[in-house]
Amino acid sequence: MRLTMVGTGYVGLVTGVCFAGTGNDVTCLDLDARKIDSLRQGRCPIYEPGLDELLERNIKNGRLHFTTDPAGAYRDAEIIFICVGTPSDATGHADLKYVMGAADDIARALQKDPSSHRTIVVKSTVPVGTTLKVRDRIRAAAPNVRFAIANNPEFLKEGDAINDFNKPDRVVVGVENEQTGDLFRRLYDPFVRNGHPIYVMDILSSEMVKYASNNFLATKISFINEMANLCEAYGADIAKVREGMCADKRIGSQFLYPGLGYGGSCFPKDTLACIAMGKQAGVPVPLSSAVHETNQRQRDRFFARIESRFASAGGLRGKTLAFWGLAFKPRTDDVREAPALTLIAKALAAGASVRAFDPVAGETARAEIGPDAAILADMYEAARGSDALVISTDWDDFKSPDLGRLGAALKSKLIFDGRNLYRPEEMIGHGFEYICVGRPVAPGDRKS
Ligand SMILES: NC(=O)c1ccc[n+]([C@@H]2O[C@H](COP(=O)([O-])OP(=O)(O)OC[C@H]3O[C@@H](n4cnc5c(N)ncnc54)[C@H](O)[C@@H]3O)[C@@H](O)[C@H]2O)c1
């Protein structure tokens, strides 16, 4: 099939490349000329494991094209996927300016060739009702264009996006008629040979599946963080509590890791969008609000522990903090809403110097943090001369460091581990002062 992906970001690029991989002819459109230039030269603008190879292969076999020209991109497309960003606006609502902008571009382009039938799909995460608004907007602007509308939320995770897209747990599609449902069954057939389901449903429910899923996962993270904070207050160990709790099959173990809370481009904005949808409809959603607040508080709480540790030494002014990890999670260069950036901003505001390292997100973080923090190319170099190390992303690279080398690099052997990467006894045995989340770090911490 001939597909056009509108927006060549994390979702548009990964899904475009994967659809090309199963034999479709895919055009990726973006307004960002630099991104498209780089992709045309086979250079991937984002870090996503496995994406470079697939990109190269599908460009070589002629199934993947990149353009900034909407008219050309839409002209021959059978299916158009809108994959543009839907960031939060100042009130927490999803800002739909990119989605509606894409709808206007589509209407303009298709008006010139209204005869062919197309399917226009909203893949961006959008508030319930948006896909039908897109339909109506295109219909009003281009009444002669023949098209079906659909919603097809995306569930891939950055860092594992290729695998998630190629072997999805489920595919969800919202449609207005059976023919469109059948089109999606054919398109996704190669991806669900593992027997996983394609759920074809009405458009409003399909839009809601995405918000309900992300909001639920965010809830799990805020929940375990709340339990970790109680563990800290009472001297229990969240690592043991987690084990004991997660062995219950009804609970499971995924997304129940205590730490600095969730970040990234999805959970924060999608939880806020649910809160905004509730407000708009007059439906109380206090649980969603609490999930969001707990998440924000988790970062503040962790920073307060850093500050209070330095209080007797004159505070953070003039001190140096090393940070391991800038990305919002491992295996991505995405720093949107990353806890590390919040902590670094707070450290800088408190007068500390910052030396940071991330295996891949250094460049994207530099654009966000500005010149005030030093971003180093080596994790031990970042630690050199620092008054403490803060671990802010659970990259594999940080899981088994050379503790001798780390101790020698740091000015004082003090670690604030926001990701609970190490065993407290082992760190103490190596002479570190080790402060983590929800676990007693010294025998005296355990309340009798
Ligand atoms: N990133 C994820 O992990 C993820 C996962 C599932 C769903 N989603 C959802 O998918 C959507 C896209 O997210 P993303 O992270 O890929 O966004 P992104 O910001 O990485 O990419 C969006 C791209 O769209 C382009 N764009 C904007 N308007 C355009 C237009 N009119 N024509 C062509 N290009 C245009 C931008 O230049 C940008 O490159 C969001 O709604 C998001 O919530 C994201």
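This one's a predicted model, so the numbers in the text were calculated from it and none came from an experiment.

What counts, and where the lines are drawn
- Residues numbered from 1 in each chain as written.
- Predicted model: local features only at pLDDT ≥ 70, side-chain atom pairs only at ≥ 80, totals over all residues.
- Heavy atoms only, no water.
- Helix = DSSP H or I, 4+ residues; strand = E, 2+ residues; numbered from the N terminus.
- Rg over C-alpha atoms; globule rule 2.2 N^0.38 Å.
- Buried < 20%, exposed > 50% of the residue type's maximum accessible area, 1.4 Å probe, protein only.
- Contact = heavy atoms within 4.5 Å.
- Areas by Shrake-Rupley, 256 points an atom, 1.4 Å probe, with all protein chains shown as cover.
- Core = buried A, V, L, I, M, F, W, Y, C linked by side-chain atoms within 4.5 Å.
- Salt bridge = Lys/Arg side-chain N within 4 Å of Asp/Glu carboxyl O.
- Phe/Tyr/Trp six-rings, centres within 6.5 Å; stacked < 30°, edge-to-face > 60°.
- Lys NZ or Arg CZ within 6 Å of the ring centre and 35° of its normal.
- Near = heavy atom within 4 Å.
- Polar contact = N/O pair within 3.5 Å; in protein donor to acceptor, adjacent residues only side chain to side chain.

Enquirer: Help me out: how do you make sense of the overall build of the chain in this one?
Expert: Broken down by element type, the chain carries 17 helices and 14 strands. Relative to the compact-globule value of 22 Å for 448 residues, the chain shows a C-alpha radius of gyration of 24 Å, a close match. Oriented by its inertia axes, the alpha-carbon framework of the chain measures out at about 75 × 45 × 40 Å. Counting the 448 residues in the chain, one finds 53% classified as buried. Counted over contacts in the chain with a minimum sequence separation of 6, partners at least 24 positions apart contribute 72%. Roughly 19800 Å² of accessible area belongs to the chain as shown, and the carbon and sulfur atoms make up 51% of that amount.

Enquirer: Please clarify how the nonpolar core should be interpreted in this entry.
Expert: Grouped burial of nonpolar side chains is what soluble globular proteins tend to show. Counting 63 residues, the largest nonpolar core has Ile306, Trp324, Leu326, Leu406 and Phe416 as its most contacted members. Ranked by the residues each element gives to this core, the list is headed by helix H13 (residues 339–349), at 5 residues. In this structure Phe416 touches Phe302, Arg305, Ile306, Arg309, Phe310, Ala388, Leu389, Val390, Ile391 and Ile435, once residues within four positions along its chain are discounted. One finds Cys28, Ile36, Leu39 and Val173 within the second-largest nonpolar core, a separate group that totals 38 residues.

Enquirer: Would you mind showing me how to read unusual backbone geometry here?
Expert: A positive phi angle, close to 60°, is found at Phe255, a residue other than glycine. Residue position: Phe255 is located in the loop between helix H10 (238–246) and helix H11 (267–281). Although it is not a glycine, Arg331 adopts a positive phi angle of roughly 65°. Within the element layout of this structure, Arg331 appears in the loop between strand E9 (320–324) and H13. Residue Arg331 is classed as partly exposed on the basis of its relative accessible area, which comes to 40%.

Enquirer: When you look at H13 in this model, what are you seeing that I'm missing?
Expert: The periodicity of an α-helix, 3.6 residues per turn, causes residues three or four places apart in sequence to face the same way. Along H13, the positions that sit buried rather than exposed are Pro339, Ala340, Leu341, Leu343, Ile344 and Ala347. Packing partners of the buried residues in H13 comprise helix H12 (286–311), E9, strand E10 (353–357), helix H14 (362–369) and strand E12 (388–391). Where H13 ends, the next residue or the one after it, Gly351, has phi of about 95°, a positive value.

Enquirer: Is there a simple way to think about the pattern of salt bridges in this case?
Expert: Pairs may arise between side chains of opposite charge once their charged atoms sit close together. Under the criterion given, the structure shown has 29 salt bridges. Among the salt bridges present, the one from Asp300 reaches Lys346, with a minimum N-O distance of 3.2 Å. Separated by 46 residues along the polypeptide, Asp300 in helix H12 and Lys346 in helix H13 bring together distant segments of the chain. What you see here is one network of salt bridges that share partners, running through Arg135, Asp136 and Glu176.

Enquirer: Looking at this structure, how should I read the packing of aromatic side chains?
Expert: The geometry of an aromatic ring pair comes down to the distance between the two centres and the angle between the two planes. Within the structure shown, the criterion is met by 16 aromatic pairs. Here Phe310 and Phe416 contribute two aromatic rings whose centre-to-centre distance is 6.4 Å and whose plane-to-plane angle is 40°, an arrangement assigned as tilted. On the criterion of sequence distance, the pair formed by Phe310 in helix H12 and Phe416 in strand E13 (residues 414–417) is long-range, its members being 106 residues apart. The same class applies to Phe310 and to Phe416, which are both buried. The rings of Phe19, Phe81, Phe165, Phe184, Tyr188 and Phe191 are connected pair by pair, giving a single aromatic cluster. Above the face of the Phe155 ring, Arg170 is positioned so that its terminal group lies 3.6 Å from the ring centre.

Enquirer: What am I meant to see in the site of the ligand here?
Expert: Surrounding the ligand, one finds 26 residues, the nearest of these being Asp30, Lys35, Thr86, Glu158 and Lys269. One of the side-chain nitrogen or oxygen atoms of Asp105 is found 3.2 Å away from a nitrogen atom of the ligand. In the environment of the ligand, an oxygen atom lies 2.9 Å from a nitrogen or oxygen atom belonging to the backbone of Thr125. Contact with the protein chains hides 89% of the accessible area of the ligand, taken as 840 Å² for the molecule alone. When residues of the shell around the ligand are assigned to their parent elements, the largest contribution, 3 residues, is made by helix H5 (residues 97–111).

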